[in-house]
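If you want the building blocks of each chain, they are given just below.
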Amino acid sequence: MYIVIAIIAFGLLIAIHELGHFTAAKALGVKVNEFAIGMGPKILRKQGKETLYTLRALPFGGFCAMDEDVASDDPRAFTAQKRWRRVIILAAGGIANFLAACIIIIILVMGYEGFGGTTLVGFAEASPNEGVGKLMVGDTIVSINGEKLYYKEDFSLMMQIAGNNVDLVILRNGEYNRFKNFQFEQKEYIVEGEPQMLYGITFNRIEGTFGAKMKYAAYSAMNYVRLIRLSIAQLISGAAGITDLAGPVAIVDTMNGIGKTAGSFGLALAEIARFTAFIGVNIALVNLLPIPAMDGGRILFVFITWFIEKVTRRKLDPKYEGYIHTAAMVLLMGLMVFVLVNDVLRIVSG
């Protein structure tokens, strides 16, 4: 059941993305030839006044066809539009995903009674992180390795990424204190009868007023952006490899795992919704990266062609840009196939 829910959730994200492009195009009077949800063979089709609406067999994908790489005399063609119109249409998919993620987050956050802050209010017995030259009650952890902390979960995330040896900034008695190579230590504690390795620190609690909830929702969306940025940085630095990339199969499998481990069906839906919001932000940002074949790459080429046409005083044929995007799409499809195979092997072997 959770696999079905996960596939539907992922399909909705793709549909929202393409609907963003479609809505912007229609609002600006641009002709859309086909609006498709899914990829592969057509399952259902309906011919509208000018747009063909299709549902395709594979739920992982979709498109909004506007003849982006073909020169046309039709004043309603995408390539005939002014540059600012094209940029709006291209960016609309990512914006739609981000807004949808924000709505999901707000709905989830409205059910919270409070949040963990970043100020220390207590230590467990014999906590290895309390004492002279270490942490004290009343300290507020400001940042770890240059990344600012806003809520308790930031601490767990940054420690997971950075390890126990970190550059730490705390606010103590109104003054900022910096610790280079601060060594956080863990100790075994018994929690609900089970041994766990913990830092032995307790953070303050923030009351869940309406204002606090809206602030937390906004933070959550931006924190997803930060998490994606850190992930890309790990790929660039080599801290993470291409085998660590996850595709649609891994995403659905992760959602299924989240559903199975949740304490109840309601909690499962909430956790799947939270993960869906994260994937929505991910889709928004990745699509807006300046990579050929992606929306961001097409936006970049809007400005590149403008510059070239200004210098050469000649209008470029869109087909040349199309060649670049087609070649990039072939490479991306190859990467997607690799990720797909890797996802399946990881699930089978795991």
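Scroll up to find the structure this text is about.
Note that this is a predicted model, so its numbers are computed, not measured.

K.L.:
Explanation requested: the overall build of the chain in the structure shown.
P.N.:
What the chain contains, in helices and strands, is 8 helices and 10 strands. Dimensions of the chain along its principal axes, counting C-alpha atoms only, are 75 × 50 × 45 Å. For the chain, buried positions account for 41% of its 350 residues. For the chain, restricting intrachain contacts to residue pairs at least 6 apart in sequence, the fraction spanning at least 24 positions comes to 63%. Counting every atom, the chain has about 19500 Å² of accessible surface; 64% of that belongs to carbon and sulfur. Of the side chains in the chain, 33 bear a positive and 30 a negative charge, and the two mean positions are spaced by 10 Å.

K.L.:
Looking at this structure, I do not really get the nonpolar core. What am I missing?
P.N.:
Nonpolar side chains in soluble globular proteins tend to be buried together. Within the largest apolar cluster, 31 residues are counted, with the highest numbers of intra-cluster contacts made by Ile105, Met255, Phe275 and Ile279. Where this core is concerned, the elements lending two or more residues are α1 (2–27), α2 (83–109), α4 (210–237), α5 (248–261) and α6 (265–287). In terms of residues, this core owes the most to one element, α6, which gives 8 residues. Sequence-distant contacts of Ile279, that is, excluding residues within four places in its chain, are made with Phe10, Leu13 and Ile251. Grouped together as the second largest cluster of nonpolar side chains are 20 residues, Leu120, Leu168, Phe179 and Ile201 included.

K.L.:
Which parts of the structure should I look at to understand the packing of aromatic side chains?
P.N.:
In this description, a pair of aromatic rings is defined by centroid distance and the angle of the planes. What the rule picks out here adds up to 20 aromatic pairs. Taking 5.3 Å as the distance between ring centres and 75 degrees as the angle between the ring planes, the aromatic pair formed by Phe155 and Phe184 counts as edge-to-face. Within this pair, whereas Phe155 is found in helix α3 (residues 152–162), its partner Phe184 is found in the loop between β7 (175–183) and β8 (187–191), the two being separated by 29 residues in sequence. You can call Phe184 buried: its relative accessible area is 1%.

K.L.:
Before we go on, may I ask you to explain the pattern of salt bridges in this structure?
P.N.:
Oppositely charged side chains can form a pair if their charged atoms are brought close together. Scanning the entire structure with this criterion turns up 11 salt bridges. Here Glu271 and Arg274 are joined by a salt bridge, their closest N and O atoms 3.2 Å apart. Of this pair, Glu271 and Arg274 both sit in helix α6, 3 residues apart, roughly one helical turn. Assessed through its relative accessible area of 31%, Glu271 is described here as partly exposed. Each of Glu147, Asp154, Arg226 and Arg229 takes part in salt bridges that share partners, so that together they form one network.

K.L.:
How do you make sense of unusual backbone geometry when you look at a structure like this?
P.N.:
Peptide bonds are, in most cases, trans, and in most cases residues other than glycine have a negative phi. At Ala126, a residue that is not glycine, the phi angle is positive and equals roughly 55 degrees. You can see Ala126 is positioned in the loop between β3 (114–123) and β4 (140–144). Not every positive phi belongs to a glycine, and Glu192 is a case in point at roughly 50 degrees. Considering the arrangement of structural elements, one finds Glu192 in the loop between β8 and β9 (194–198).

K.L.:
How should the packing of α1 against α2 be read in this particular structure?
P.N.:
Two quantities define a packed helix pair, namely the angle between the helix axes and the distance between the axes. Following both chains from N to C, one finds α1 and α2 inclined at 140 degrees, their axes separated by 7 Å at the closest point. Taken together, the axes of α1 and α2 are oblique relative to one another. You can see that α1 and α2 cross each other, and the crossing is right-handed. Side by side, α1 and α2 meet where Leu13, Ile16, His17, Gly20, His21, Ala24 and Ala25 of the first sit next to Ile88, Ile89, Leu90, Ala92, Gly93, Gly94, Ala96, Asn97 and Ala100 of the second. Tallied by class, residues from the contact of α1 with α2 come to 10 nonpolar, 6 polar and no charged.

What counts and how
- Residues numbered from 1 in each chain as written.
- Predicted model: local features only at pLDDT ≥ 70, side-chain atom pairs only at ≥ 80, totals over all residues.
- Heavy atoms only, no water.
- Helix = DSSP H or I, 4+ residues; strand = E, 2+ residues; numbered from the N terminus.
- Buried < 20%, exposed > 50% of the residue type's maximum accessible area, 1.4 Å probe, protein only.
- Contact = heavy atoms within 4.5 Å.
- Areas by Shrake-Rupley, 256 points an atom, 1.4 Å probe, with all protein chains shown as cover.
- Lys, Arg positive; Asp, Glu negative; His and termini not counted.
- Charge placed at Lys NZ, Arg CZ, Asp CG, Glu CD.
- Core = buried A, V, L, I, M, F, W, Y, C linked by side-chain atoms within 4.5 Å.
- Phe/Tyr/Trp six-rings, centres within 6.5 Å; stacked < 30°, edge-to-face > 60°.
- Salt bridge = Lys/Arg side-chain N within 4 Å of Asp/Glu carboxyl O.
- Axes fitted to C-alpha atoms, helices over the stretch in contact; angles between N-to-C directions.
- Parallel < 35°, antiparallel > 145°, perpendicular 65-115°, else oblique.
- Left-handed = near helix turned anticlockwise from the far one by under 90°.
- Nonpolar A, V, L, I, M, F, W, Y, C, P; charged D, E, K, R; others polar.

Interpretation in functional terms is not warranted from these geometric data alone.
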